[in-house]
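Structure at a glance
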Amino acid sequence: MVGLVGVVVLFSLLSDRFFTLSNFVNVLRQVSMQAIIAFGMTVVIISGGIDLSVGSVFALSAAILASTIAKGGSILLGILAALLVGAGFGFFNGFVIAKGRLQPFIVTLATMAIARSLTLAYMEGMPITGFPSSFRFIGAGDILGIPVPVIIMFSLLLLMFYLTRYTKFGLYAYSIGGNELASKLSGVKVDLYKISFYILSGVLTAVSAVILTSRLNSAQPTFGVGYELDAIAAVVLGGASLSGGKGSVLGTFFGALIMGILNNGMNILNVSPFYQDAVKGIVILTAVLVEREG
């Protein structure tokens, strides 16, 4: 929270175009896709895992969504196909990690490469376009002046907050991440819950892919590059521990806001793209250190 306030104050002082309602709405619209992915990543990290495949699964979900709709399928069918891709990869990740007793880093690194390769082969390196105009409402529409992606993001934030705070699903995520052996001895079906955590991550990644495909009115083979790093950064900035057992989706939301505000503020200030990643890295390290000291 300290880091978020810090970057808001900094950019407000550096530019009079930053601290405006329209700009904050724009930031929320831009942040929504990364935040939704990060919500799923939060549960995985709390449980002691990690999911490096989200960027590639994002791209493949978008490709399947776009091709289904472009070939005459309904919007609903396309969305369901995308969600199935996300859920399928999530299940595969969770199953191999749980049953194969392999490290999440290795498994999801492998599926990251697999999903990216499948995306490039399926799309043949070309974008997919040709959707009905009604499809654009999901990513570019608004309700009472509030962008639809922002409404979806806050709806999922409330849902994830409830799941992680008030259900066994969330309780067991913390339990498994804190002490997996103790959870097993307590009768928790650890393997089943691990699989469900990765399925959730995959499904939320696909939801985000639907939003971006709708917003841009196309699916690109390069979709999702680096999204796994942005999601992990948001979770860590939100106070989660990469060793598991600690974190919250609310903290992740604030972490995603920090990332979004950094991008937005630097663009307003015309900071060269060559330096933006370096600045983000420095701010992330500083914010995490401040939070830890606090």
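Cut-offs and rules
Residues numbered from 1 in each chain as written. Predicted model: local features only at pLDDT ≥ 70, side-chain atom pairs only at ≥ 80, totals over all residues. Heavy atoms only, no water. Helix = DSSP H or I, 4+ residues; strand = E, 2+ residues; numbered from the N terminus. Rg over C-alpha atoms; globule rule 2.2 N^0.38 Å. Buried < 20%, exposed > 50% of the residue type's maximum accessible area, 1.4 Å probe, protein only. Contact = heavy atoms within 4.5 Å. Areas by Shrake-Rupley, 256 points an atom, 1.4 Å probe, with all protein chains shown as cover. Lys, Arg positive; Asp, Glu negative; His and termini not counted. Salt bridge = Lys/Arg side-chain N within 4 Å of Asp/Glu carboxyl O. Phe/Tyr/Trp six-rings, centres within 6.5 Å; stacked < 30°, edge-to-face > 60°.

**With respect to the overall build of the chain**
Helix and strand content of the chain: 13 helices and two strands. Whereas a compact globule of 294 residues would reach a radius of gyration of roughly 19 Å, the chain reaches 19 Å, a difference of no more than 12%. The principal-axis extent of the C-alpha atoms belonging to the chain is close to 55 × 55 × 35 Å. A total of 294 residues make up the chain; the buried ones form 51% of that total. Excluding contacts between residues fewer than 6 apart, the proportion of contacts in the chain whose partners are at least 24 apart in sequence is 79%. Split by element, the accessible area of the chain, about 13,500 Å² in all, is 69% carbon and sulfur.

**Digging into the side chain of glutamate 228**
On the secondary structure map, glutamate 228 appears in helix α11 (residues 227-237). There is no salt bridge for the buried glutamate 228, and the closest opposite charge comes from arginine 116, which lies 5.9 Å off by N-O distance. Apart from the residues lying within four places of it in its own chain, the contact partners of glutamate 228 are Met41, Asp51, Leu52, Val54, Gly55 and Met112.

**Comments concerning the packing of aromatic side chains**
Tallied over the entire structure, the rule returns 14 aromatic pairs. Note on phenylalanine 19 and phenylalanine 24: the rings are 5.2 Å apart at their centroids and 85° apart in plane angle, and the pair reads as edge-to-face. The exposure class assigned to phenylalanine 19 is exposed, which follows from its relative accessible area of 55%. The exposure class assigned to phenylalanine 24 is partly exposed, which follows from its relative accessible area of 26%. These aromatic residues form a ring-pair network of at least three members: Phe11, Phe18, Phe19 and Phe24.

**Considerations on the pattern of salt bridges**
Under the criterion given, the structure shown has three salt bridges. In this structure, the salt-bridge partner of aspartate 191 is arginine 101, at a minimum N-O distance of 3.6 Å. With aspartate 191 in helix α10 (residues 190-216) and arginine 101 in the loop between α4 (75-100) and α5 (104-123), this pair connects stretches of sequence that are 90 residues apart. The exposure class of aspartate 191 is buried, given its relative accessible area of 15%. Relative accessible area serves as the criterion here: at 54%, arginine 101 is assigned to the exposed category. The partner of glutamate 180 in a salt bridge is lysine 194, and the shortest N-O contact between them spans 3.0 Å. A residue pair is termed long-range when its members are at least 10 positions apart, and glutamate 180 in helix α9 (residues 180-185) and lysine 194 in helix α10 qualify at 14 residues. A residue is classified by how much of its surface remains accessible, and glutamate 180, at 28% relative accessible area, is partly exposed. Within this structure, Lys99, Arg101 and Asp191 form a network of salt bridges that share partners.

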